Amino acid sequence: MRNAARQLYSMAEVDAAIAQLANELTRDYATRDPLIITIMNGGVVLAGRLLPLLDFPLQIDYLHASRYLGKTEGHEVEWIVTPRQSLAGRDVIIVDDILDVGTTLLAIIAACKTQGAASVATAVLVDKRHERKAAPDLRADYTALDVEDAYVFG
């Protein structure tokens, strides 16, 4: 079987996109001291590359929620680890790797709002372009790169 993998973006393009994402977040949050919540495990690499580029006070936490739990088909969202910090009155930025359908991301946003977050924004490395989103016109608030509807890795 022939390998059909192909490079969608060069490392230089990814670096530039992450730097632009950092610039946008710095512009919008420079005076707000947000709580940045990394989604495990997907958001770890983006958070590790993004956080050093952010030029403003912030706090960090993480959560782990999944619909897949090692399977290829999703089910109900299962909360594995929730943030330790209080979200009440906080500006929250959720950092994740890929926005595909968005069912889990919508559940996370709703949970943050239920816990009293003053605002909830989403920042993703990649947003897949397709019509299967969990909500009409679902988009991340901050997106580094858009990709076609394909299996992506890297």
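Above this text you will find the structure in question.
A brief structural summary. A quick note: this is a predicted structure, and the numbers were derived from the prediction, not measured.

**Description of the nonpolar core**
Logical step 1: Counting residues in hydrophobic clusters, the biggest one holds 23 residues, and the most contacted among them are Leu25, Leu50, Val95 and Leu125.
Logical step 2: Of all the secondary structure elements, the ones that give two or more residues to this core are helix 1 (11-29), helix 2 (44-50), strand 4 (91-99), strand 5 (119-128) and strand 6 (142-147).
Logical step 3: Among the elements that make up this core, the one with the highest residue count is helix 1 (7 residues).
Logical step 4: When residues no more than four places from it in sequence are discounted, the contact partners of Leu50 are Ile18, Leu21, Ala22, Leu25 and Val95.

**A look at the pairing of strand 4**
In the case of a regular strand, side chains alternate between the two sheet surfaces.
Logical step 1: Among the 9 residues of strand 4, 7 are classified as buried, and the element is accordingly described as predominantly covered.
Logical step 2: Relative to strand 4, strand 1 (residues 35-39) runs parallel, the two sharing 4 bridges. Residue pairing in the sheet places Leu35 in a bridge with Val92 of strand 4.
Logical step 3: Bridge count for strand 4 against strand 5 is 8 bridges, and the pairing is parallel. Note that in strand 5 the partner of Ile98 across the bridge is Val126.

**Overview of helix 1**
Logical step 1: Given a rise of 1.5 Å per residue, 19 residues ought to cover 27 Å, and the 26 Å separating the end C-alpha atoms of helix 1 matches this to within 8%.
Logical step 2: Three or more residues of helix 1 are buried, namely Val14, Ala17, Ile18, Leu21, Ala22, Glu24, Leu25, Thr26 and Tyr29.
Logical step 3: In this structure, the buried side of helix 1 is in contact with helix 2, strand 4, strand 5 and strand 6.

**Let's talk about the pattern of salt bridges**
Logical step 1: Across all of its chains, the model carries 5 salt bridges by this definition.
Logical step 2: A salt bridge links Arg32 to Asp91; the shortest N-O distance between them is 3.2 Å. A residue pair is termed long-range when its members are at least 10 positions apart, and Arg32 in the loop between helix 1 and strand 1 and Asp91 in strand 4 qualify at 59 residues.
Logical step 3: Asp127 is the salt-bridge partner of Arg139, the closest N and O atoms lying 3.3 Å from each other. Of this pair, Arg139 sits in the loop between strand 5 and strand 6 while Asp127 sits in strand 5, and the two are 12 residues apart along the sequence.
Logical step 4: Residues joined by salt bridges that share partners form a network here, namely Asp127, Arg139 and Asp146.

**Here we look at the environment of Asp141**
Logical step 1: By the secondary structure assignment, Asp141 is in the loop between strand 5 and strand 6.
Logical step 2: Taking the C-alpha atoms as reference, Asp141 lies 9.3 Å from Val120; in sequence the two are 21 residues apart.
Logical step 3: Among the polar contacts listed, one links the side chain of Asp141 to the backbone nitrogen of Thr122, at a separation of 2.8 Å.

Procedures and definitions
Residues numbered from 1 in each chain as written. Predicted model: local features only at pLDDT ≥ 70, side-chain atom pairs only at ≥ 80, totals over all residues. Heavy atoms only, no water. Core = buried A, V, L, I, M, F, W, Y, C linked by side-chain atoms within 4.5 Å. Buried < 20%, exposed > 50% of the residue type's maximum accessible area, 1.4 Å probe, protein only. Helix = DSSP H or I, 4+ residues; strand = E, 2+ residues; numbered from the N terminus. Contact = heavy atoms within 4.5 Å. Pairing = 2+ DSSP bridges. Expected span 1.5 Å × (residues − 1). Salt bridge = Lys/Arg side-chain N within 4 Å of Asp/Glu carboxyl O. Polar contact = N/O pair within 3.5 Å; in protein donor to acceptor, adjacent residues only side chain to side chain.

Nothing here speaks to function; it is geometry throughout.
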